Amino acid sequence: MPLKYVVPTAETFGKLTFEGKDREVTSGRSRIATGVVYNLLSEKQAELIEVQIPTRAGSKTFETDTEVDLLNPKLEPTGR
């Protein structure tokens, strides 16, 4: 059975701070926006964390270095 996602706890990343909006995620050839990717910094991770929020959740704006909390996060591993 393949692993589809991991549900992290609050201790997984430690304190998260907002770094900025990265890009919009589109679907199919019609290029309909399905989500927005934001960058977060973690006190426990060495690199930026990309968080994708569906467009139906609305636009989010924060000042840089604002502390944020994730509600119902799921991890999806991606290869690069």
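What you see is a predicted model; the values in this text were computed from it and never measured.

**Q** What am I meant to see in the nonpolar core here?
**A** The tendency in soluble globular proteins is for nonpolar side chains to be buried as a group. Counting nine residues, the largest nonpolar core is built from Phe-13, Leu-16, Phe-18, Val-36, Tyr-38, Leu-40, Ile-49, Val-51 and Val-68. Among the secondary structure elements, those contributing two or more residues to this core are strand E1 (16-27), strand E2 (32-42) and strand E3 (49-54). Sequence-distant contacts of Val-36, defined by excluding residues within four places in its chain, comprise Lys-21, Arg-23, Glu-24, Val-51, Gln-52 and Ile-53.

**Q** Please clarify how the packing of aromatic side chains should be interpreted in this entry.
**A** Each aromatic ring pair is characterised by the separation of its centres together with the angle its planes make. Under the counting rule described, the total for this entry stands at two aromatic pairs. Between Phe-18 and Tyr-38, the ring centres sit 5.9 Å apart and the planes meet at 50°, which makes this aromatic pair tilted. In this pair, Phe-18 is assigned in strand E1 and Tyr-38 in strand E2, connecting sequence segments 20 residues apart. With a relative accessible area of 6%, Phe-18 lands in the buried category. The structure contains a cluster of three or more aromatic residues connected by ring pairs, namely Phe-18, Tyr-38 and Phe-62.

**Q** Quick question: what am I supposed to make of the pattern of salt bridges here?
**A** Opposite charge on two side chains lets them pair, provided their charged atoms get close. As enumerated under the stated definition, the model contains one salt bridge in all. For Glu-50, the salt bridge identified is with Arg-23, shortest N-O distance 3.6 Å. Residue Glu-50 is found in strand E3, and its partner Arg-23 is found in strand E1; the two are separated by 27 residues along the sequence.

**Q** Whenever I open this one, the sheet that holds strand E4 (residues 67-68) confuses me. Can you help?
**A** Picture the strands of a sheet paired through backbone hydrogen bonds; they go either parallel or antiparallel. Reading across from one edge, E3-E2-E1-E4 is the order of the four strands in this open sheet, with antiparallel pairing throughout. The open sheet has two edge strands with one neighbour each: E3 and E4.

**Q** Sorry if this is basic, but what is going on with the side chain of Thr-17 here?
**A** Residue placement: Thr-17 occurs in strand E1. Apart from residues no more than four positions distant in its own chain, Thr-17 is found in contact with Asn-39, Leu-40, Leu-41, Asp-65, Thr-66 and Glu-67.

**Q** How should I be thinking about the environment of Glu-50 in this particular structure?
**A** Assessed through its relative accessible area of 36%, Glu-50 is described here as partly exposed. As for Glu-50 and Glu-19, which are separated by 31 residues in sequence, their C-alpha atoms are 10.0 Å apart.

**Q** Can you walk me through the side chain of Asn-39 in this structure?
**A** Structurally, Asn-39 can be placed in strand E2. Contact partners of Asn-39, with chain neighbours within four places excluded, come to Thr-17, Phe-18, Glu-19, Gly-20, Asp-22, Leu-48, Ile-49 and Glu-50.

Analysis parameters
Residues numbered from 1 in each chain as written. Predicted model: local features only at pLDDT ≥ 70, side-chain atom pairs only at ≥ 80, totals over all residues. Heavy atoms only, no water. Core = buried A, V, L, I, M, F, W, Y, C linked by side-chain atoms within 4.5 Å. Buried < 20%, exposed > 50% of the residue type's maximum accessible area, 1.4 Å probe, protein only. Helix = DSSP H or I, 4+ residues; strand = E, 2+ residues; numbered from the N terminus. Contact = heavy atoms within 4.5 Å. Phe/Tyr/Trp six-rings, centres within 6.5 Å; stacked < 30°, edge-to-face > 60°. Salt bridge = Lys/Arg side-chain N within 4 Å of Asp/Glu carboxyl O. Pairing = 2+ DSSP bridges.

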